[in-house]
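Structural features, examined
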Amino acid sequence: MKILWITNALLPEAEAQLRGQAEVKGTGGWIPSLAEKVCKTDGISMSVAALSPLVKEITTIQGEGITHFAIPSVGDTTYQKCYEEAYRKIFQETQPDVVHIHGTEYPHSLAALRACGADKTIISLQGIVSSIASYYMGGISTSEARRNITLRGLLRPSLMQEQKEMAQRGEYEKQLFRESRYIMGRTAWDRAQVLTINPQITYFHGGEILRTEFYEGKWDYNKCVPHTIFASQAGYPLKGLHKIISALGTVIKQYPDLQLRVAGRDITFSKGTWKDRLRISTYGKIIKGLIKKHNLTGHVTFTGNLNAEEMKREYLHSNVFICPSSIENSPNSLAEAQILGVPVLASQVGGIPDMMQGDEEHLYRFEEVEMLAHKIVQLFEKQDEIDTEPMRQVALKRHNPEKIIEELIDTYKAVMDKH
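Residues numbered from 1 in each chain as written. Predicted model: local features only at pLDDT ≥ 70, side-chain atom pairs only at ≥ 80, totals over all residues. Heavy atoms only, no water.

What follows deals with the environment of Gln 233. Take Gln 233: it is sitting in the loop between strand S9 (228-231) and helix H10 (241-251). With 225 residues separating them in the primary sequence, Gln 233 and Asn 8 have C-alpha atoms 19 Å apart. Excluding anything up to four places from it in sequence, Gln 233 contacts Lys 239, Val 262 and Ala 263. (Helix = DSSP H or I, 4+ residues; strand = E, 2+ residues; numbered from the N terminus. Contact = heavy atoms within 4.5 Å.)

Right, dumping it as structure tokens:
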């Protein structure tokens, strides 16, 4: 069986070869983990195509068991006809039995579908931009965003413009759903989104393999740092960091040793030079203001970019992991925390309730920061009494690599049988 994947970014081994590096830190995730196992499956011949700013023409890179194709990137906020031509050329060269498009967030996915044909193509859902665009601001009003506009905000797209761009990409995504025959998702939420747009789609369930590092290790209260909270993303309002900080303004009154650790670069540039501070974004300025308002200076740390092992260390050292997004489908960060047995709190949005079945008491409404604060305090108070093992076992079963690979190959066969 010959499989052609279309991904949003080059897999790490291909990017590393183009850059002349042994490893590309900060890239990867569940797609490379899945690719590694699929390409080792008996009877599978695998190719992967992705856009890249590192090449000026279609470039072939031979990896371990995978042939990679890097396509010159010329922008991906509007439909580019040249992508359609590039994917068609790769399709003709590889002659795949099945094409698997990973993600619908960018117009190149629509170009790939049109180039390869809907009859042979299955599309995996990640985020659904046509649905999440309206949640992008995370409850931040237009007036608040304008009050916090920065020099960087004047020179680059504002939060409102970013939201508008997402909505525009969402129109291409809707067209992709209208033209598709086969979709693979994993939550009741994503199924509802696509079937509302195209009821004729054949929907397959497909789980996600986590990065290898997270299948080993287990959280232990006696080895964590008490009253330390970990959040995995904070770059834009949808991820909800501002809601955590607002809640912590209450929590710190009871727990003055409270610490919040946030994966990624410091968007507040709190330790930067005056030149660095000119680079602060509107959202970064909002976060900086909230930290000061709630007396959290010195209690919020941005870790910088982390690889899988470093992320795992943060999970295991934390007292609580919070997934505070205004909308999500099935965040891998939540899955990683669950599979390690870390106590979690999560906003009740999108597909998250599917992942929290059996642990509903630790869900809260995204906008209710008072309830978030209350649940954080509850976890701190009875931490050593909480049994996370049942949820850990659910996560281990949900992300079982062998089961997921078997499910995926069965889906490929089903698509082949239909044409």
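This brings us to helix H14 (residues 332-340). Here H14 lies mainly inside the structure; 9 of its 9 residues are buried. Lining the buried residues of H14 we find helix H2 (30-38), helix H13 (308-317), strand S12 (320-323), strand S13 (344-347), helix H15 (352-355) and helix H17 (389-398). Just beyond H14, the residue with positive phi is Gly 341, at close to 85°. (Buried < 20%, exposed > 50% of the residue type's maximum accessible area, 1.4 Å probe, protein only.)

Moving on: the packing of H10 against helix H12 (residues 282-293). Each pair of packed helices gets described by two things: the angle between the helix axes and the distance between those axes. Two elements in contact, H10 and H12, have axes separated by 9 Å at closest approach and are oriented at 5°. The orientation of H10 with respect to H12, classified from their angle, is roughly parallel. Residue-level inspection shows Leu 241, His 242, Ile 245 and Ser 246 of H10 in contact with H12, the latter providing Tyr 283, Ile 287, Leu 290 and Ile 291. Of the residues in the contact of H10 with H12, the class split is 6 nonpolar, 2 polar and no charged. (Axes fitted to C-alpha atoms, helices over the stretch in contact; angles between N-to-C directions. Parallel < 35°, antiparallel > 145°, perpendicular 65-115°, else oblique. Nonpolar A, V, L, I, M, F, W, Y, C, P; charged D, E, K, R; others polar.)

What follows deals with helix H18 (residues 401-417). With 17 residues, H18 ought to run about 24 Å at 1.5 Å a step, and its terminal C-alpha atoms sit 24 Å apart, in line with that. Taken as a whole, H18 has its buried residues at Pro 401, Ile 404, Ile 405, Leu 408, Ile 409, Thr 411, Tyr 412 and Val 415. Along the axis of H18, the buried residues cluster in a sector spanning 155°; they form a single face. Away from its buried face, by an angle of more than 90 degrees, H18 presents the exposed residues Glu 402, Glu 406 and Asp 417. Between a side-chain oxygen at the N-terminus of H18 and the backbone nitrogen of Glu 402 the separation is 3.1 Å; the capping residue is Asn 400. (Expected span 1.5 Å × (residues − 1). Arc of directions from axis to C-beta. Polar contact = N/O pair within 3.5 Å; in protein donor to acceptor, adjacent residues only side chain to side chain.)

What follows covers the nonpolar core. The tendency in soluble globular proteins is for nonpolar side chains to be buried as a group. The biggest cluster of nonpolar side chains holds 105 residues, and the ones touching the most others in it are Tyr 87, Leu 241 and Leu 260. No other element matches the 7 residues that helix H16 (residues 369-381) contributes to this core. In contact with Leu 241, other than residues within four places in its own chain, are Ala 234, Leu 260, Val 262, Ile 267, Tyr 283, Ile 287 and Phe 302. (Core = buried A, V, L, I, M, F, W, Y, C linked by side-chain atoms within 4.5 Å.)

The 6 strands are arranged S11-S10-S9-S12-S13-S14 in an open sheet whose pairing can be described as parallel. Of all strands in the sheet, those with a lone pairing partner are strand S11 (300-302) and strand S14 (363-364), marking the two edges. Bridging between S9 and S12 involves 2 bridges; their strand directions are parallel. Along S12, the bridge assignment pairs Ile 229 with Val 320. Those strands touched by H10 are S9, strand S10 (259-262), S11 and S12, and its axis lies near 170° from that of S10. (Pairing = 2+ DSSP bridges.)

The subject of this paragraph is the pairing of strand S6 (residues 121-124). Burial of the side chains of S6 extends over both faces: Thr 121 and Ile 123 are buried on one face and Ile 122 and Ser 124 on the other. Bridging between strand S5 (residues 98-102) and S6 involves 4 bridges; their strand directions are parallel. Bridge pairing links Ile 101 to Ile 123 in S6. On the question of chirality, the crossover connecting S5 to the parallel S6 by way of helix H4 (residues 108-116) is right-handed. Pairing between S6 and strand S7 (residues 182-185): 3 bridges, direction parallel. (Right-handed = clockwise from strand over helix to strand, strands pointing away.)

The next point concerns the packing of aromatic side chains. Applying the stated criterion to the full structure yields 9 aromatic pairs. Aromatic pair Tyr 182 and Phe 204: ring centres 6.3 Å apart, planes at 50°, arrangement tilted. Pair noted here: Tyr 182 is in strand S7 and Phe 204 is in strand S8 (residues 202-205), with a separation of 22 residues, a long-range link. Accessibility assignment for this pair places Tyr 182 and Phe 204 in one class, buried. Judged by centre distance (5.1 Å) and plane angle (75°), the rings of Tyr 255 and Phe 380 are edge-to-face. Of this pair, Tyr 255 sits in the loop between H10 and S10 while Phe 380 sits in helix H16, and the two are 125 residues apart along the sequence. Residues Tyr 255 and Phe 380 agree in their burial class; the two are buried. Cation over ring: Arg 114 sits above Tyr 79, and NZ or CZ is 5.2 Å from the ring centre. (Phe/Tyr/Trp six-rings, centres within 6.5 Å; stacked < 30°, edge-to-face > 60°. Lys NZ or Arg CZ within 6 Å of the ring centre and 35° of its normal.)

Just geometry here; none of it tells us what the structure is for.
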